[in-house]
Amino acid sequence: MEVQQFEIAIRLVGGLISAYQLDGDARFLQLATDLADRLLPVFNTPTGIPYRMVNLRTGAISKNTTNPCEVGSMLLEYGMLSKLTGNPIYYEKCKKGVVALYNRRGKTGLVAGAINCDTGEWLDNRAHIRGGIDAYYEYLLKGSILFGDADLKEMWETSLKGINSYLGDHTNNGYWIGEADMNTGARTATTFGALDCFWNGCLILTGETDLAKELQASIFKMWTLHDVEPESIDYSTMEIQSAYYMIRPEAIESTYYVWKATGQKKYYEMGKTMFESIEKYCQVENGYVQLRDVRTKEKWDTLESFFFAETMKYCYLFFAPEHVFSFKDYVLNTEAHPFKNTWDKNWRGDYKMANRR
Ligand code: DMJ
């Protein structure tokens, strides 16, 4: 069976690791290890940048055009596995691919949306934080926090500087994160959408609270255009570009981070409004469905698994007692599975960025 390595890693390997840490049953860790071992062949490429697909039975790999997310958004899962099993191979292979990608960054310090895994050539020059790139940056930061990895910290700081300098956009409609050429930094689009909202969690974790508050105002503005957020807008005109609603977690996730960091009631109220919109427009007799169009609220008979793993979790946390969860104790992976640092503090992983360029 051929699977997409990235999706299996963040959803299933991540879920199993989290279940192991929360429950303590070693079978969860065994299953996570078995699955990760079957995913590992993707990293056997000339550059170290992983292929996208792998056959879990034969180990055959395919799809040699990839994006930063599918290169780096497994760092937490493979890093956790290495820490918990004592076998460095998972983190080492994954980090090697991330470093190979980072070393090919543009003059802005940023990466673009498509790259060839065999040659390392970029097939796109557009830098943004939307789907395909988002969790690459998220994992540089969260990996540096969870593992204390100095290389990741350096990569994160370079990326943050690039995003603040070239993608961040103060406009008459508020502060947004747009799109720019990865080398020249020239603005290429003024698109912002549901996926981009994850950025506020990163801003809060890295201590940029003022910027996060500005972006939060924009996120809520986008949400209240039609009482529920569209997939994307052009923030220069505030017009909708994609009108569907997939009940993604990022907007409520962002609101949760800002509320917890500031303690200001208005952010709690924003989260409550978002939760009530989901209840009002997406609930059906047997569960929840997505919307085809936020303007008409026409229902769409489909639902993604991240609704259960992430959206419902952030909704729950909004109303849960304080002691249930703290960012001091856990890092949430990009699928909202909680990971905890429970290992020998001296373990830092074996792969060092300086070793290979
Ligand atoms: C989730 O599957 C993950 O958070 C992923 O990294 C990007 N966003 C989707 C949900 O919108």
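Rules used throughout
- Residues numbered from 1 in each chain as written.
- Predicted model: local features only at pLDDT ≥ 70, side-chain atom pairs only at ≥ 80, totals over all residues.
- Heavy atoms only, no water.
- Near = heavy atom within 4 Å.
- Polar contact = N/O pair within 3.5 Å; in protein donor to acceptor, adjacent residues only side chain to side chain.
- Areas by Shrake-Rupley, 256 points an atom, 1.4 Å probe, with all protein chains shown as cover.
- Helix = DSSP H or I, 4+ residues; strand = E, 2+ residues; numbered from the N terminus.
- Nonpolar A, V, L, I, M, F, W, Y, C, P; charged D, E, K, R; others polar.
- Salt bridge = Lys/Arg side-chain N within 4 Å of Asp/Glu carboxyl O.
- Buried < 20%, exposed > 50% of the residue type's maximum accessible area, 1.4 Å probe, protein only.

Engineer: How should the site of the ligand be read in this particular structure?
Structural biologist: All residues in the neighbourhood of the ligand are listed as R11, D134, A135, L195, R248, P249, E250, F306, E310, T334 and E335. One of the side-chain nitrogen or oxygen atoms of R248 is found 2.8 Å away from an oxygen atom of the ligand. With respect to the ligand, the side chain of E250 contributes an N or O atom lying 2.8 Å from a nitrogen atom. In the complex, the protein chains occlude 92% of the 290 Å² of accessible area that the ligand would expose alone. Within the residue set of the shell around the ligand, elements represented by two or more residues are helix 6 (134-147) and helix 12 (306-319). Grouping the amino acids of the shell around the ligand by side-chain chemistry returns 4 nonpolar, 1 polar and 6 charged.

Engineer: Whenever I open this one, the pattern of salt bridges confuses me. Can you help?
Structural biologist: Pairs can form between side chains of opposite charge whenever their charged atoms are close. Applying the stated criterion to the full structure yields 19 salt bridges. Notably, a salt bridge pairs K280 with D227, separated by 4.0 Å at the nearest N-O pair. Here K280, found in helix 11 (residues 265-282), pairs with D227, found in the loop between helix 9 (209-224) and strand 12 (232-234); they are 53 residues apart in sequence, far enough to count as distant. Assessed through its relative accessible area of 58%, K280 is described here as exposed. Among the charged side chains, a salt-bridge network with shared partners connects E7, R11 and E335.

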